[in-house]
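Chains, contacts and geometry: an overview
If you want the building blocks of each chain, they are given just below.
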Amino acid sequence: MAHGDGKQYDTRVFTFEGIKEILFLAPKSKTARKFREWTRSILNAYFKGELVKAKEMAKATITRRELSTAISESPHFEKNYHVIFADMLVALVTNGKYKSVRGMRKALGRPNAKLKQMLDSPEELQLLQTYESSITNLLDLGFDRQQIKMFLTTKKAETTTETA
């Protein structure tokens, strides 16, 4: 290959797959050890169901920020509302299987996981985003926590009976 200085040099070019193979085979390389650790963590997360499509995760993150802002700006805001709404979302998205984020973390053995990381499917993540958007809109309309809970649980019951 020609270099910028105009001289010719013998150069070896590796594909991405080749680089990964070298890193797996290089036992004393610090970079290889880090790569193997990272790979194991990704595989473990995958088999625990902690990986969801990046696009869905990004959508949920954006919605979460909007919900946090809406809660903080609500005229009915109280200190523990973020936790109360997170627990409400857990109960709604899991159909009552879990009552709180803390309980879900404990049951799944994921003490530091965020709610969206504990959901099993893109459909559950979409449902979470839908509920977060609904709560944000209801807060913007001036609803308090009890009114939002009643509205969402009534709506969920109506939707369930319609599909049954």
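Look above for the structure.
This write-up is about the structure you can find in this document.

Here we take up the layout of surface pockets. Taken as a whole, the second largest pocket holds about 180 Å³ of empty space. For the second largest pocket, the lining is made up of 10 residues, of which Asp 87, Met 88, Ala 91, Lys 149 and Thr 153 are closest to its centre. The element best represented in the lining of the second largest pocket is helix α4 (residues 81–93), accounting for five residues.

This next bit is on the packing of aromatic side chains. Applying the stated criterion to the full structure yields two aromatic pairs. Here the aromatic rings of Tyr 81 and Phe 85 are separated by 5.6 Å at their centres, their planes lie at 85 degrees, and the arrangement is edge-to-face. Remark: Phe 85 and Tyr 81 occur in helix α4; sequence separation between them is four residues, near one turn of the helix. Taken as a pair, Tyr 81 and Phe 85 share a single burial class, namely buried. With a centroid separation of 6.4 Å and 75 degrees between ring planes, the pair formed by Phe 143 and Phe 151 is classed as edge-to-face. For Phe 143, a relative accessible area of 25% gives the class partly exposed. Phe 151 sits in the partly exposed class, given a relative accessible area of 36%.

Thresholds applied
- Residues numbered from 1 in each chain as written.
- Predicted model: local features only at pLDDT ≥ 70, side-chain atom pairs only at ≥ 80, totals over all residues.
- Heavy atoms only, no water.
- 1 Å grid on protein atoms, 1.4 Å probe; cavity = no way out; pocket = protein on both sides within 12 Å on 5 of 7 lines; lining within 4 Å.
- Points joined across faces, edges and corners; volume = space filled by probe spheres on them.
- Helix = DSSP H or I, 4+ residues; strand = E, 2+ residues; numbered from the N terminus.
- Phe/Tyr/Trp six-rings, centres within 6.5 Å; stacked < 30°, edge-to-face > 60°.
- Buried < 20%, exposed > 50% of the residue type's maximum accessible area, 1.4 Å probe, protein only.

Shape descriptors only; they carry no functional weight alone.
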